[in-house]
Amino acid sequence: MSNKMWGGRFETGPSEIMEEINASITFDQRLYAQDIRGSQAHCRMLVATGIISAENGERILHGLDTILSEIEAGDFTFSRALEDIHMNIESRLAELIGPDAGRLHTGRSRNDQVATDFRLYVRDTVDTFAQQIATLQAALARKADAHADTILPGFTHLQNAQPVTFGHHCLAYVEMLERDRTRFLDARARMNECPLGAAALAGTSFPIDREMTAKELGFDRPARNSLDAVADRDFVLETLAAAAITSTHLSRLAEEIVLWATAQFRFVSLSDKFTTGSSIMPQKRNPDAAELVRGKVGRVIGALNSLMTVMKGLPLTYSKDMQEDKELTFDAFSTLSLCLAAMTGMVDDLEPNADRMHEAAAEGFSTATDLADWLVRELGLPFREAHHITGSLVALAEGGDVMLDGLTLEQMQSVELRITKDVFDVLSVDNSVASRKSLGGTAPDNVRTEARRWLDLRKV
């Protein structure tokens, strides 16, 4: 038997293999709320323009409300034979109100219907991401405020570079996440055009009011070209790109947590809430939540690459290839949402080991730049000359197996005679950090000011 929803030209139904590859209901049923919402807006517009009667519209709207209640209660049976969420809902509507259910599809196609549903879904998801990112930013800002004075080594090439504060380090991720949040919001603004009414690809001869449906669904305007409206998926690509960048930032923080929690670093500890043990080594406490956040970035980046590959060779307008846009997007969005929640939990949970961080910050001649700056500031040397003198002093200290502040004044003067005892004031990591008062610098007062500014912005 052919599909009664579209099969007038077909004498028999699809093969089992065709049904298996063609059906999308196993994953696009997630769009049920958006599909019903779009259908309700379309129905009200059809009534308002006189295309269908008010009586028919009332019956359709009541039937759609019933279907929504059934799905949300778990009482709705999804059929693979009906392919997708649109036809499952339309078929059930016909069971509830009879042939008048078919009037709902006047002036639209599954092409503009799915494009509208998917935009609504992606837009809703972007709103969720923006809130989740703000919550993570608040967690990081709280940690930054609490540890504005906690010193740890700042790294380049994973080698000690200069001392910074743990709070300053946390705020770096707040800044990254703000760019992530605004990337999502920028994508939301560009996607906020309504495809509904573009029909299959060419528009419709019915006197529909696309401004009405766009307004009711919260879009800024209708999409202005019917071909673009049904063929476009760059709103998904842009959102996946923002998701991939965000997940990359989360992965970098996760990697640092993994490193910091090792016995070699001992910078932070995580509680039982975000760690697991070993089946054979009873001493182990593994930062598995952080490792999984680090690992799951591949799924999000993979979704972006997959959809770009799907779309790259498609002529206008709709091709069935585009059905492949949803499953990978659903997975990527669910993955990112979980990672944001997990990272927020870990940030709240982790406890810095201030003593160990401070000890490590003093290693590796991390105040060498402060020494070079002192030579420039106090002795008037060109920075390159000061850099060379400092390098010689580092070599001298390294040869004596001491830190820079372990050198005697006489040893320092053997390299540069004009050095005075005042140089020792800049060789401690505490003084080094406190001196970095420039805008964006790591000085504790800077950190506290920035952390509290972010906390005022992110009252979540």
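The shown structure was predicted, so the numbers you read here are calculated from the model rather than taken from an experiment. (Residues numbered from 1 in each chain as written. Predicted model: local features only at pLDDT ≥ 70, side-chain atom pairs only at ≥ 80, totals over all residues. Heavy atoms only, no water.)

Looking now at the nonpolar core. Val122, Leu140, Leu240, Leu250 and Met343 are the most contacted members of the largest nonpolar core, which has 89 residues in total. No other element matches helix 10 (residues 234-260), which puts 13 residues into this core. Once you skip the residues sitting within four places of it in the chain, Met343 turns out to touch Leu136, Leu250, Leu253, Ala254, Ile257 and Val293. (Core = buried A, V, L, I, M, F, W, Y, C linked by side-chain atoms within 4.5 Å. Buried < 20%, exposed > 50% of the residue type's maximum accessible area, 1.4 Å probe, protein only. Helix = DSSP H or I, 4+ residues; strand = E, 2+ residues; numbered from the N terminus. Contact = heavy atoms within 4.5 Å.)

Summed over the entire model, instances satisfying the criterion amount to zero disulfides. With no disulfide of its own, Cys43 lies 15 Å from the sulfur of Cys194, the closest cysteine sulfur. Residue Cys43 is classed as buried on the basis of its relative accessible area, which comes to 0%. Cysteine Cys170 remains unbridged, with the sulfur of Cys339 as its closest cysteine sulfur at 19 Å. (Disulfide = S-S within 2.5 Å.)

Looking at the element boundaries, Arg108 is found in the loop between helix 5 (85-97) and helix 6 (110-146). Glu90 provides the closest opposite charge to the buried, unpaired Arg108, separated from it by 5.1 Å. Here Ser39 takes part through its side chain, which lies 3.0 Å from a polar atom of the side chain of Arg108. A polar side-chain atom of Arg108 sits 3.2 Å from a polar atom in the side chain of His105. (Lys, Arg positive; Asp, Glu negative; His and termini not counted. Salt bridge = Lys/Arg side-chain N within 4 Å of Asp/Glu carboxyl O. Polar contact = N/O pair within 3.5 Å; in protein donor to acceptor, adjacent residues only side chain to side chain.)

Take the environment of Leu250 next. Mapped onto the elements of the fold, Leu250 is located in helix 10. Distance in space between the C-alpha atoms of Leu250 and Thr150 is 22 Å, their sequence separation being 100 residues. Once residues within four sequence positions are removed from consideration, Leu250 is found in contact with Leu136, Leu177, Val293, Leu336, Cys339, Leu340 and Met343.

This part takes up helix 13 (residues 354-361). When helix 13 is considered as a whole, its buried residues turn out to be Arg356, Met357, Ala360 and Ala361. For helix 13, the arc enclosing every buried residue in end-on projection is 135 degrees, short of the 170-degree limit, so these residues lie on one face. If you follow the buried residues of helix 13, they end up packed against strand 1 (151-156), strand 2 (159-165), helix 7 (166-191), strand 5 (268-269), strand 6 (351-352) and helix 17 (429-435). (Arc of directions from axis to C-beta.)

The next point concerns the packing of aromatic side chains. Any two aromatic rings considered together are summarised by their centre-to-centre distance and by the angle between their planes. Counting across every chain of the model gives eleven aromatic pairs. Ring geometry for Phe129 and Phe184: centres 5.1 Å apart, planes at 45 degrees, overall tilted. Residue Phe129 is found in helix 6, and its partner Phe184 is found in helix 7; the two are separated by 55 residues along the sequence. For the residue pair Phe129 and Phe184, the accessibility class agrees, reading buried in each case. With a centroid separation of 6.2 Å and 80 degrees between ring planes, the pair formed by Phe155 and Phe265 is classed as edge-to-face. Linking Phe155 in strand 1 with Phe265 in the loop between helix 10 and strand 5, this pair joins segments that are 110 residues apart in sequence. Judged by its relative accessible area of 18%, Phe265 is buried. These aromatic residues form a ring-pair network of at least three members: Phe118, Tyr121, Phe129, Phe184, Phe235, Phe330 and Phe333. Positioned above the aromatic ring of Phe219, the side-chain terminus of Arg123 is 4.7 Å from the ring centre. Cation over ring: Arg453 sits above Trp454, and NZ or CZ is 4.9 Å from the ring centre. (Phe/Tyr/Trp six-rings, centres within 6.5 Å; stacked < 30°, edge-to-face > 60°. Lys NZ or Arg CZ within 6 Å of the ring centre and 35° of its normal.)

Quick look at the pattern of salt bridges now. This structure, assessed with the given rule, holds 31 salt bridges. Here Glu83 ties to Arg110 by a salt bridge, and the two come within 3.1 Å at their closest N and O atoms. In this pair, Glu83 sits in the loop between helix 4 (54-73) and helix 5 while Arg110 sits in helix 6, placing the two residues 27 residues apart along the sequence. Note that Asp84 is salt-bridged to Arg110, the shortest N-O span being 2.8 Å. With Asp84 in the loop between helix 4 and helix 5 and Arg110 in helix 6, this pair connects stretches of sequence that are 26 residues apart. For Asp84, a relative accessible area of 6% gives the class buried. Look at the salt bridges and you will find they share partners, linking Arg59, Asp100 and Arg103 into a network.

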